[in-house]
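# Architecture and fold: a report
Chain residues, written in single-letter form:
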Amino acid sequence: MATDSWAQAVDEQEAAAESIGSLQIKDKPEENGTAANATDSSSAAVKSEVAVEEKGTDEYDNDKDDKAAQSLLNKLIRNNLVNNTNQVEVLQRDPNSPLYSVKSFEELRLKPQLLQGVYGLGFNRPSKIQETALPMMLAEPPQNLIAQSQSGTGKTAAFVLAMLSHVDPNKRYPQCLCVSPTYELALQTGKVIELMGKHYPEVRLVYAIRGNKLQRGMKLEEQIVIGTPGTMLDWCGKFKFIDPKKIMVFVLDEADVMIATQGHQDQSIRIQRMLPKNCQMLLFSATFEETVWNFAQRIVPEPNIIKLKREEETLDTIKQYYVLCNSREEKFQALCNIYGAITIAQAMIFCHTRKTAGWLAGELSREGHQVALLSGEMQVEQRAAVIDRFRDGKEKVLVTTNVCARGIDVEQVSVVINFDLPVDKDGNPDNETYLHRIGRTGRFGKRGLAINMVDSKMSMNILNRIQEHFSKSAVTTHARTHTHNLLYTQTVASS
Ligand SMILES: Nc1ncnc2c1ncn2[C@@H]1O[C@H](COP(=O)(O)OP(=O)(O)OP(=O)(O)O)[C@@H](O)[C@H]1O
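Since the structure is predicted, the reported quantities are computational estimates derived from the model, not experimental observations. Counting restarts for each chain: residues are numbered from 1 in the order of the written sequence. Residue-level local features of this predicted model are given only where pLDDT is at least 70; pairs of side-chain atoms are given and counted only at 80 or more, and the full residue set underlies all totals for whole chains, interfaces and linings.

### Some thoughts on the overall build of the chain
The following threshold applies: Under the DSSP-based scheme used, a helix requires at least four consecutive residues in state H or I and a strand at least two consecutive residues in state E, with every element numbered from the N terminus. Residue burial here comes from a neighbour count, namely the number of other C-beta atoms, placed from the backbone, that lie within 10 Å of the residue's own C-beta, with 20 or more meaning buried, 12 or fewer meaning exposed, and in between meaning partly exposed. Any two residues are considered in contact once their C-beta atoms, placed from the backbone, lie within 7 Å.
From N to C terminus, the chain includes 17 helices and 15 strands. By the burial criterion, 46% of the 495 residues in the chain qualify as buried. When contacts within the chain are restricted to residue pairs at least 6 apart in sequence, those whose partners lie at least 24 apart make up 80%.

### Comments concerning the site of the ligand
Short version of the rule: Using a C-beta atom placed from the backbone, a residue is described as near a molecule or strand when that atom lies within 6 Å of it.
What surrounds the ligand is a group of 20 residues, the closest being Phe 123, Ser 151, Gly 154, Lys 155 and Thr 156. Elements with a minimum of two residues in the shell around the ligand: α4 (67-77) and α7 (155-166).

### Here's the deal with the pairing of strand β13 (residues 413-418)
In plain terms, the rule: Any two strands with at least two DSSP bridges between them are considered paired.
For β13, a buried count of six out of six residues is recorded, marking the element as mostly surrounded by other parts of the structure. As judged from the five bridges shared by strand β10 (residues 346-350) and β13, these two strands associate in the parallel manner. From the neighbouring strand, Met 348 faces β13, where its bridge partner is Val 416. Two elements, β13 and strand β14 (residues 448-454), share four bridges in a ladder whose sense is parallel. The partner of Ile 417 across the bridge, within β14, is Ile 451.

### So, helix α13 (residues 328-342)
Convention followed: To obtain the bend at a residue, axes are fitted to the seven residues ending there and to the seven starting there, and the angle between these axes is taken.
At Cys 336, α13 is deflected by roughly 35°, the largest bend along its length. For α13, the complete set of buried residues consists of Lys 331, Ala 334, Leu 335, Ile 338, Tyr 339, Ala 341 and Ile 342.

### As for the UniProt feature "short sequence motif: Q motif" (unreviewed entry) in the chain
Heads up, the rule is: UniProt positions are given in the numbering used here, feature names are shortened, and annotations may be inferred rather than shown by experiment.
Mapped onto this structure's residue numbering, the UniProt feature "short sequence motif: Q motif" (unreviewed entry) falls at residues 103-131. In residues 103-131, the share of helix is 45% and the share of strand is 0%. The end C-alpha atoms are 6 Å apart.

### What about the packing of α7 against helix α8 (residues 183-196)?
Helix-helix packing is characterised by the crossing angle of the two axes and by the distance between the axes. Applied cut-off: Axis angles are defined between N-to-C directions and span 0 to 180 degrees, where every axis is a line fitted to C-alpha atoms and, for a helix, only to the segment in contact. Orientation is classified from the angle alone, with under 35 degrees giving roughly parallel, over 145 giving roughly antiparallel, 65 to 115 giving roughly perpendicular, and any other angle giving oblique. Rotating anticlockwise by less than a right angle from the far helix to the near helix defines a left-handed crossing, while the corresponding clockwise rotation defines a right-handed one. We call Asp, Glu, Lys and Arg charged. Ala, Val, Leu, Ile, Met, Phe, Trp, Tyr, Cys and Pro are nonpolar, and the rest, Gly among them, are polar.
Interhelical geometry of α7 versus α8 gives an angle of 55° and a closest axis separation of 10 Å. For the element pair α7 / α8, the angle class is oblique. In this structure, the crossing between α7 and α8 has a hand that is right-handed. On α8, the residues that touch Thr 156, Ala 157, Val 160, Leu 161 and Leu 164 of α7 are Thr 189, Val 192, Ile 193 and Met 196. A per-class count over the contact of α7 with α8 returns seven nonpolar, two polar and no charged.

### Description of helix α11 (residues 264-274)
At 3.6 residues per turn, the α-helix brings residues three or four places apart onto the same side. Stated precisely, the cut-off is as follows: As used here, the arc is the angular range of directions from the helix axis to the C-beta atoms.
Of all the residues in α11, the buried ones are His 264, Gln 267, Ser 268, Ile 271 and Gln 272. The arc that holds every buried residue of α11, seen down its axis, measures 135°, which confines them to one face. Exposed residues lying more than 90 degrees from the buried face of α11 are Asp 266 and Arg 273. Residues of α11 that are buried in the fold lie against β3 (176-179), α9 (229-236), β6 (249-252), α10 (255-258) and α12 (290-299).

### Considering the sheet that holds strand β7 (residues 280-285)
Within the open sheet, the eight strands sit side by side as β1-β8-β2-β7-β6-β3-β5-β4. Their pairing is mixed. Looking at strand neighbours, the two that pair on one side only are β1 (88-91) and β4 (205-208), the edges of this open sheet. Averaged over neighbouring strand pairs, the angle between their axes works out to 15° when direction is ignored. The pairing of strand β2 (residues 145-148) with strand β8 (residues 304-308) spans four bridges and is classified as parallel. Paired with Ile 146 across the strands is Ile 305, a residue of β8. The strands touched by α12 are β2, β6 and β7; relative to β7, the strand with the most contacts, the crossing angle is about 170°.

### With respect to the packing of α9 against α11
Contact pair α9 / α11: the axes reach a minimum separation of 9 Å and the direction vectors enclose 30°. Taken together, the axes of α9 and α11 are roughly parallel relative to one another. Seen from above, α9 lies across α11 with left-handed handedness. For the pair α9 and α11, the contacting residues are Pro 229, Gly 230, Met 232, Leu 233 and Cys 236 in the first and His 264, Gln 267, Ser 268, Arg 270, Ile 271 and Met 274 in the second. By residue class, the composition of the contact of α9 with α11 is six nonpolar, four polar and one charged.

### Overview of the nonpolar core
The condition that has to hold: For this analysis, nonpolar core means a set of buried Ala, Val, Leu, Ile, Met, Phe, Trp, Tyr and Cys residues linked through C-beta atoms within 7 Å.
Counting residues in hydrophobic clusters, the biggest one holds 124 residues, and the most contacted among them are Met 163 and Ile 417. For this core, the leading source of residues is α7, giving eight residues. Contacts of Met 163, omitting those with residues within four sequence positions, involve Cys 176, Cys 178, Ile 224, Val 249 and Val 251.

### Regarding the environment of Gly 237
Residue placement: Gly 237 occurs in the loop between α9 and β6. For Gly 237, a count of 14 C-beta atoms within 10 Å translates into the label partly exposed. For the pair Gly 237 and Gly 263, spaced 26 residues apart in sequence, the C-alpha to C-alpha distance is 16 Å.

### Overview of unusual backbone geometry
Most of the time, phi is negative for any residue but glycine, and the peptide bond is trans. The omega angle of the peptide bond from Glu 140 to Pro 141 is -5°, so this bond is cis rather than trans. On the secondary structure map, Pro 141 appears in the loop between α6 (128-138) and β2. With a phi close to 55°, Lys 240 is a non-glycine residue in the positive phi region. Assignment of secondary structure puts Lys 240 in the loop between α9 and β6. For Lys 240, a count of 15 C-beta atoms within 10 Å corresponds to the partly exposed category. The phi torsion at Glu 302 lies on the positive side, around 45°, for a residue other than glycine. By the secondary structure assignment, Glu 302 is in the loop between α12 and β8. Taking the number of C-beta atoms within 10 Å as the measure of exposure, Glu 302 has 9 and is therefore exposed.

### Things to note about the confidence of the model for the chain
Do not read the fine detail of predicted coordinates wherever pLDDT is low. Quick note on the threshold: Known as pLDDT, the predictor's confidence for each residue is given on a scale from 0 to 100.
Of the residues in the chain, 74% reach a pLDDT of 70 or more, and the chain-wide mean stands at 78. Scored below 50 in pLDDT, residues 1-65 shows 93 contacts in the model against residues more than four places distant or in partner chains. A low-confidence stretch, residues 472-495 stays under pLDDT 50, and its non-local contacts, those more than four residues away or across chains, total 48 contacts. Model confidence for the complex: the whole-complex pTM is 0.70, and ipTM, which rates the interface, is 0.97.

Here it is in structure tokens:
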């Protein structure tokens, strides 16, 4: 986009922009359906997670490291499969055995009650990962599996279906264990088991989570146990509520989140050691970093491996500009000048600290703009409600910190504004976060626009270094930018 046409678009939009009367900052969103659905116990737990967050940080949002919260947010707001065009890569333990993949749930010869459950959830056909993973998981003899694909591609539904298919409802003892990294994630997965098994009431589920106290000496009769590693280990070892030797399927969900918590790895490995040799081991993860891989290999002997590669994030379709200003106030003024243009579609504005995000949202709203605010001091459910409203187009502009930079899919965003450029704790450019922020726009080949606000020599320097990084790394990472017209200067503040 040439400077002139962009500036013209700004002018036109400014002129056309209606003055918006109802101004709200959504720091205390009303509970919508999603949030209201959460159980009391889960909201209590969410609160405790927030308390930990507050201890760790005052101003800065460290949430990009909080994988469990991110994963939970995604689960709370997502009601669809993530659109995916990628190929499934399969590494088979026995390369000579034929590789099955199914295009329908009927082909899996599921029990009628389960098929009813699957269709009841609105699943018409298996997702990409399910096409390959389900036949492997349901094969006889059972095969071990490590599966990796991005969040929202149907992993949970796949292993839930496998567990429900494998249990013998006539046997009244635990046969499947599923370990989740946190209390809240265990509840979410449990909900999927309950929904999918709705027409199969003979199969019962119990939650091995803190607060669920059982009488000493009792033996569980439920066939499926879902829980967190610590409680699960206690129930198998110390309290013997579960006889681990009778377990046929062991699922480790969200392995990448799991290993982010110290101690969870050890607990999981200790549970795994109590299980019979022929127990089927299934491990799922959204990423496949080295640490996850090392963990996976310790837990899952002789695995089949399925990977669904994420589309390489590229900045090819995104126009990037910068706006020169002298102060924060000038940046704000510049933002107001272009506000009409950015609200043609939906925009996300990134700030470095919660304080700036709060200030900016307040100022924008005082100027008559309707914006939503999302930052890390909010409870997970509140954040989910804000994102939900934004995704539904109820708000056009979302002011946020890094809490939103990763992991959360809001497809329709076409403008990203870096009110503050992303830097790490030492003040160096955070290239990865830049890529993730900008990557929100221009998805699926759609054109996007990114505007970087520069207010000092220091921030200009940061921007130059980011530009340098992406120009250089283009050769090796394919995270390319338009080097020829990257970062066009447009001084809007003084106009
Ligand atoms: N075959 C299917 N057809 C339609 N929708 C599906 C199908 N499988 C799963 N879904 C839905 O897609 C969404 C994502 O699925 P699921 O939670 O299983 O993904 P996931 O890969 O486990 O994600 P995460 O890594 O966040 O746990 C859910 O809302 C789920 O109900």
